[in-house]
Amino acid sequence: MVDLDAAIGYVVAHGDAVDRARLAHLRTGQAPPADVLDKAEIGQVTGGGWPAYWGADIPSVDATCFRLAELDDLGAIGRPAARKAVGWLGRSQRPDGMWEEDAKLAGIAPPWAQPGDAEARLYLTTNAAYWLVVGGPPDGDDGEHATRIARAAEAFRASLRPDGSWPSFLVTGWLGCALLYHLGWFYESAQIQVALADRVPEMTAADTASLFSTLRRIGMSTEDWLLTAARRRLAETQRSDGGWESDDGDQFNVHTTLTAIRALR
């Protein structure tokens, strides 16, 4: 069984002010202090995106989605910074319905965000479209918001193999599953869920937490069989100190633990 109290204690002991504010909002809906929100939003470029730490001042689709996830945990998805970011994501969609990082990031970006890479394109497409769903229409929406989401979903559906698998990273599967579930493509979503369920017993803690929280955020029931399996996997991978391990180094363990708390709350 997951020890949620121990997870909360881990974030309190090891997190910074933004992390603890995320925890407070996830637990009780407490509004974060203004200085915490300012810190969470820092670095946004004029157009609305955020650069990645590896990308100088060039706004990144992947980094912007990551920031939106943090702001969502803080209850700040309706603030001007998040609204601008959602608008930037929408305007960044390519004519074929997909997303790709700026070509200037070629050779700098990590594999999952590398411009020109087909797997990265599919991942970024599901990630950006997912945050368009969660974020809702931006201020001054030109009426294209729903169309952009639908075009992204069609691009993802077109990539699916007959067995429900997809030609991209594992995370692309649950982001795409959430997107199709939200739009009512339940048959295709169920195919992906079957493929994901086969992988859950071997998933890392970070992947399991991300899968669980992503599907919960778009309304999938905790009684769903895939999420039941994910809950068991989180119980298996929780550490004795209450936290869960990141795939990206110890400095992200608190983020992974918050993702698990988001899923389990």
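Going by the structure above, here's the rest.
Parameters and conventions
- Counting from 1, residues in each chain are numbered in the order their sequence is written.
- Where local features are concerned, this predicted model is filtered to residues with pLDDT of at least 70; where side-chain atom pairs are given and counted, the filter is 80 or more; whole-chain, interface and lining totals use all residues.
- Note: side-chain values were computed over all heavy atoms of the structure, leaving out hydrogens and water.
- Only DSSP runs of H or I with at least four residues qualify as helices, and only runs of E with at least two residues qualify as strands; both kinds are numbered from the N terminus onward.
- Radius of gyration here uses only the C-alpha atoms, and the compact-globule reference equals 2.2 Å multiplied by the residue count raised to the power 0.38.
- Think of it in three bands: with a 1.4 Å probe and only protein chains considered, a residue is buried below 20% of the maximum accessible area for its type, exposed above 50%, and partly exposed in between.
- Any two residues whose heavy atoms approach within 4.5 Å are treated as being in contact.
- Whenever a helix is involved, its axis is fitted only over the stretch in contact; in every case the axis is a line through C-alpha atoms, and angles between N-to-C directions fall within 0 to 180 degrees.
- For this classification, under 35 degrees means roughly parallel, over 145 means roughly antiparallel, 65 to 115 means roughly perpendicular, and everything else is oblique.
- Helix crossings fall into two classes, left-handed where the near helix is turned counterclockwise from the far one by less than a right angle and right-handed where it is turned clockwise.
- The nonpolar class holds Ala, Val, Leu, Ile, Met, Phe, Trp, Tyr, Cys and Pro. Asp, Glu, Lys and Arg form the charged class, and all remaining residues, Gly among them, are polar.
- Within this document, salt bridges are pairs made up of a side-chain nitrogen of Lys or Arg and a carboxyl oxygen of Asp or Glu, the two lying within 4 Å of each other.
- By nonpolar core is meant a set of buried Ala, Val, Leu, Ile, Met, Phe, Trp, Tyr and Cys residues that side-chain atoms within 4.5 Å join together.
- Here a Phe, Tyr or Trp ring, Trp counted by its six-membered ring, pairs with any other such ring whose centre lies within 6.5 Å, and the pair is stacked when the planes are under 30 degrees apart, edge-to-face when over 60, and tilted otherwise.
- Working rule: Lys NZ or Arg CZ, within 6 Å of ring centre, within 35 degrees of ring normal, means a charge sits over the ring.
- Without a salt bridge and with relative accessible area above 30%, a residue can belong to a patch; like charges are then joined within 9 Å and nonpolar side chains (Val, Leu, Ile, Met, Phe, Trp, Tyr) within 5 Å.
- Here, Shrake-Rupley sampling with a 1.4 Å probe gives the accessible areas, and only protein chains in the shown set may cover a residue.
- The charge count includes Lys and Arg as positive and Asp and Glu as negative, but it does not include His or the ends of the chains.
- Here the site of a charge means atom NZ of a Lys, CZ of an Arg, CG of an Asp or CD of a Glu.
- Multiplying 1.5 Å by the residue count of a helix minus one yields the expected span of that helix.

Our next topic: the overall build of the protein. Within the protein, the regular secondary structure consists of twelve helices and two strands. Counted from the first residue to the last, the protein has its helices and strands arranged as α-α-α-β-β-α-α-α-α-α-α-α-α-α. Taking 18 Å as the expected radius of gyration for a compact globule of 265 residues, we find that the protein reaches 18 Å, a close match to that expectation. Across the 265 residues of the protein, 57% fall into the buried class. If you take every contact in the protein between residues at least 6 apart in sequence, the share linking residues at least 24 apart comes to 65%.

A few words now on the packing of helix α7 (residues 145-159) against helix α8 (residues 170-183). The interhelical angle for the contact between α7 and α8, taken along N-to-C directions, is 125°, at an axis separation of 10 Å. What the angle tells us is that α7 and α8 run oblique. The chirality of how α7 crosses α8 is left-handed. Residue-level contacts link Ile-149, Ala-150, Ala-152, Ala-153, Phe-156 and Arg-157 of α7 to Thr-172, Gly-176, Cys-177, Leu-179, Leu-180 and Leu-183 of α8. Each residue belonging to the contact of α7 with α8 can be placed in one class, and the counts come to nine nonpolar, two polar and one charged.

Using the criterion set out here, one finds 13 salt bridges in the structure. The salt bridge partner of Arg-22 is Asp-19, with a shortest N-O separation of 3.9 Å. Separated by three residues within a single helix, Arg-22 and Asp-19 lie in helix α2 (residues 17-28), roughly one turn from each other. Considered together, Arg-22 and Asp-19 belong to a single accessibility category, that of buried residues. One salt bridge in this structure joins Glu-70 and Arg-22, with 3.6 Å as the shortest N-O distance. Note that Glu-70 is positioned in helix α4 (residues 61-73) and Arg-22 in helix α2, a separation of 48 residues in sequence. Neither Glu-70 nor Arg-22 differs from the other in exposure class; each is buried. Here the salt bridges share partners, and the residues they tie into one network are Asp-19, Arg-22, Glu-70, Asp-73 and Arg-262.

Before going further, it helps to examine the nonpolar core. With 77 residues, the main nonpolar core has Leu-74, Leu-89, Trp-131, Leu-196 and Leu-211 as its most contacted residues. What Leu-74 contacts, discounting residues up to four positions off in sequence, is Val-18, Ala-21, Arg-22, His-25, Pro-32, Val-36, Leu-37 and Ala-40. Counting residues in each nonpolar core, the second largest holds seven residues, with Ala-52, Ala-63, Ala-109 and Ala-113 among its members.

Before going further, it helps to examine the packing of aromatic side chains. Going through the model one piece at a time under the given rule, you end up with three aromatic pairs. Measuring from ring centre to ring centre gives 5.2 Å for Tyr-130 and Trp-131, while their planes differ by 85°; the resulting arrangement is edge-to-face. Directly above the aromatic system of Trp-185 lies the positively charged group of Arg-157, at a separation of 3.7 Å from the ring centroid.

Now for the packing of helix α1 (residues 4-14) against α2. The geometry of a pair of packed helices is captured by two quantities: the angle between their axes and the separation between those axes. At a closest axis distance of 8 Å, the pairing of α1 and α2 adopts a crossing angle of 150°. If you check the angle between α1 and α2, you find them roughly antiparallel. Crossing of α1 over α2 shows left-handed handedness. Across from Ile-8, Val-11 and Val-12 in α1, the residues of α2 making contact are Asp-19, Arg-20, Leu-23 and Arg-27.

On the surface, Glu-245, Asp-247, Asp-248 and Asp-250 cluster together to form a negatively charged patch. Its location among the elements puts Asp-248 in the loop between α11 (225-237) and α12 (253-264). When its relative accessible area of 52% is taken as the criterion, Asp-248 is described as exposed.

Here helix α9 (residues 186-199) contains 14 residues, and its C-alpha end-to-end distance of 20 Å stays within 8% of the 20 Å for a straight helix at 1.5 Å per residue. Looking at α9, one finds that the buried residues are Glu-188, Ser-189, Gln-191, Ile-192, Gln-193, Ala-195 and Leu-196. Where α9 is buried, its residues contact α7, α8, α10 (205-217) and α11.

All right, on to α8 then. In this model α8 runs 21 Å from its N-terminal to its C-terminal C-alpha over 14 residues, within 8% of the 20 Å that 1.5 Å per residue would give. Extensive coverage of α8 is indicated by the burial of ten of its 14 residues. Within α8 the residues assigned to the buried category are Leu-170, Thr-172, Gly-173, Trp-174, Leu-175, Gly-176, Cys-177, Ala-178, Leu-179 and Leu-180. Close packing links the buried residues of α8 with α6 (118-135), α7, α9 and α10.

These figures come from the coordinates and say nothing about function on their own.
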